[in-house]
Amino acid sequence: MTDSQLIREIKDGQVEYYSEIIKRYEKRLLAFIVHMLNNTHLDHMAEDLCQETFYKAFRSLQSFRDVEASFSTWLYTIARNTVLSELRKSRNSEIYIEDSKVDPITSLDRLPEYELLRTEREKLVRLAIEGLPEKQRHALILREYEDKDYKEIADILDSTVSSVKSLLFRARSSIKTQLESYFSEAQWEEAKGMTNT
């Protein structure tokens, strides 16, 4: 069954079909929320916020119109707004990068040198992403981690496609500027694929 067919069934009273919607989207939505909360003091709330998103979506399902947006775009918009609302409530949306959040490396002598360098580069890329302005960061996460197209990102961010392209250009340029002293060209190409961790 497609999302649209499932939603029609749910709207017609077959609420048990909502568990299928949750099964389809839970992992991807949780990953999106985890990325949004990465290195914040609220990252422990990711699962709760994911459940809250599904609850809000269920309560508002009667108002969803699939002619206006895809279900996934609508769901991600609810998730984004839920996370932003929680961040605003907690310390006026201040985000703290905590050094303690970097995953400890188990006994360095057991890891090949390449893996050590790779881990360090991944950390630098993640920190660079976290340092981006909010809209640039969210656009980049949706594009690179969630593989959303420009139109979907524009809908989720309540923006235009041209604005999204501009946000992504500025985000990538900023990250490249921050990191170019750490990477050779070959390393930069490799590092671009390292953010999916």
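Look above for the structure.
All values derive from a computational prediction rather than experimental measurement.

Asker: Looking at this structure, how should I read the pattern of salt bridges?
Answerer: Side chains that carry opposite charge are capable of pairing whenever their charged atoms lie near each other. The tally for this structure, following the rule as stated, stands at six salt bridges. Close ionic contact of D3 with R24 constitutes a salt bridge, the shortest N to O distance being 2.8 Å. Within this pair, whereas D3 is found in helix α1 (residues 3-11), its partner R24 is found in helix α2 (residues 18-37), the two being separated by 21 residues in sequence. For D3, a relative accessible area of 18% corresponds to the buried category. One salt bridge in this structure joins D155 and K151, with 3.0 Å as the shortest N-O distance. Note that D155 and K151 are positioned in helix α7 (residues 150-156) at a spacing of four residues, about one turn of the helix. With a relative accessible area of 29%, D155 lands in the partly exposed category.

Asker: What's the story with the packing of aromatic side chains in this structure? I'm lost.
Answerer: Centre distance and the angle of the planes are the two values used to describe a pair of aromatic rings. What the rule picks out here adds up to six aromatic pairs. Ring centres of F64 and F71 lie 5.7 Å apart, and the angle between their planes is 85°; on these two criteria the pair is classed as edge-to-face. Comparing F64 with F71 shows no difference in burial state: the two are buried. Members of the aromatic cluster, connected to one another through ring pairs, are Y25, F64, F71 and W74.

About the cut-offs
- Residues numbered from 1 in each chain as written.
- Predicted model: local features only at pLDDT ≥ 70, side-chain atom pairs only at ≥ 80, totals over all residues.
- Heavy atoms only, no water.
- Salt bridge = Lys/Arg side-chain N within 4 Å of Asp/Glu carboxyl O.
- Helix = DSSP H or I, 4+ residues; strand = E, 2+ residues; numbered from the N terminus.
- Buried < 20%, exposed > 50% of the residue type's maximum accessible area, 1.4 Å probe, protein only.
- Phe/Tyr/Trp six-rings, centres within 6.5 Å; stacked < 30°, edge-to-face > 60°.

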